[in-house]
Amino acid sequence: MPVYTCTTPQSTLSVETKAELAAEITRVHSMINHVPGTYINVVFHEPAPENVFTDGKPARPLLINGWVRTGHPAAQSSQLVAEIASAATRITGIPARMVLVVIQNSPAHLAIEGGRVLPEPGEEEAWLAEQEGTESDESGH
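Looking at an unreviewed UniProt entry, one finds the protein named Tautomerase and attributed to Mycolicibacter engbaekii.

J.: Hey, could you run me through the sheet that holds strand β6 (residues 99-106) in this one?
T.: Note: strands within a sheet are paired through backbone hydrogen bonds, in either parallel or antiparallel orientation. Spatially, four strands are ordered β2-β1-β5-β6 in an open sheet, and the strand pairing comes out mixed. Two strands close off the open sheet at either side, each with one partner strand: β2 (41-45) and β6. Across the sheet, the mean angle from the axis of one strand to that of its neighbour is 15°, orientation sign disregarded. By the bridge criterion, eight bridges tie strand β5 (residues 62-69) to β6 in an arrangement that is parallel. Looking at the pairing, Ile64 lines up with Val101 of β6. Taken strand by strand, helix α1 (residues 15-33) contacts β1 (3-7), β2 and β5, and its axis lies near 145° from that of β2. Contacts from helix α2 (residues 74-92) reach β1, β5 and β6, with the element oriented near 145° to β6.

J.: Sorry, what's going on with the UniProt feature "domain: Tautomerase cis-CaaD-like" (unreviewed entry) in the protein here?
T.: When the UniProt feature table is mapped to this numbering, "domain: Tautomerase cis-CaaD-like" (unreviewed entry) covers residues 1-130. The straight-line gap between the two end C-alpha atoms of residues 1-130 is 16 Å; of that span, 35% is helix and 26% is strand.

J.: Just checking my understanding: could you explain the packing of aromatic side chains for this structure?
T.: To describe a pair of aromatic rings, you give the distance between the ring centres and the angle between the ring planes. Overall, the coordinates contain one aromatic pair when judged by the stated rule. Ring geometry for Tyr39 versus Trp127: centroids 5.5 Å apart, planes at 65°, classification edge-to-face. With Tyr39 in the loop between α1 and β2 and Trp127 in helix α3 (residues 124-139), this pair connects stretches of sequence that are 88 residues apart. The pair Tyr39 / Trp127 is uniform in exposure class, with both members buried. Between Arg116 and the ring centre of Trp127, over which it is positioned, the NZ or CZ distance is 4.3 Å.

Calculation notes
Residues numbered from 1 in each chain as written. Predicted model: local features only at pLDDT ≥ 70, side-chain atom pairs only at ≥ 80, totals over all residues. Heavy atoms only, no water. Pairing = 2+ DSSP bridges. Helix = DSSP H or I, 4+ residues; strand = E, 2+ residues; numbered from the N terminus. Axes fitted to C-alpha atoms, helices over the stretch in contact; angles between N-to-C directions. Contact = heavy atoms within 4.5 Å. UniProt positions renumbered as here; feature names shortened; annotations may be inferred. Phe/Tyr/Trp six-rings, centres within 6.5 Å; stacked < 30°, edge-to-face > 60°. Buried < 20%, exposed > 50% of the residue type's maximum accessible area, 1.4 Å probe, protein only. Lys NZ or Arg CZ within 6 Å of the ring centre and 35° of its normal.

Here it is in structure tokens:
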């Protein structure tokens, strides 16, 4: 359901660091928003270093842009941003002043995953149960 895009210049993060950061973003999001990790997507975008600037100067920030469904409580969203930012600094070693985490949202009905419109926050269990029922029907079990 959620999609996180982590942008930083090429060769800033090792494969191992990216895997650790993706796992931690998944863990944090799953814990706070009650979504199974199997639905959390983390993508790394790594432009050439000469294409990344802060204050008009070449820079090496870590920009994390997340998309979630509208309707999560504000306190939950604030906790999500804070924990992801903290984890990003801890895991990557990039100073907090160079880490930006932004969570954007839109209504669930504007997104489809697995051919199905996403559920509203709080309706995930029924949506997942329906998904499992559909998969059982398709497999003949």
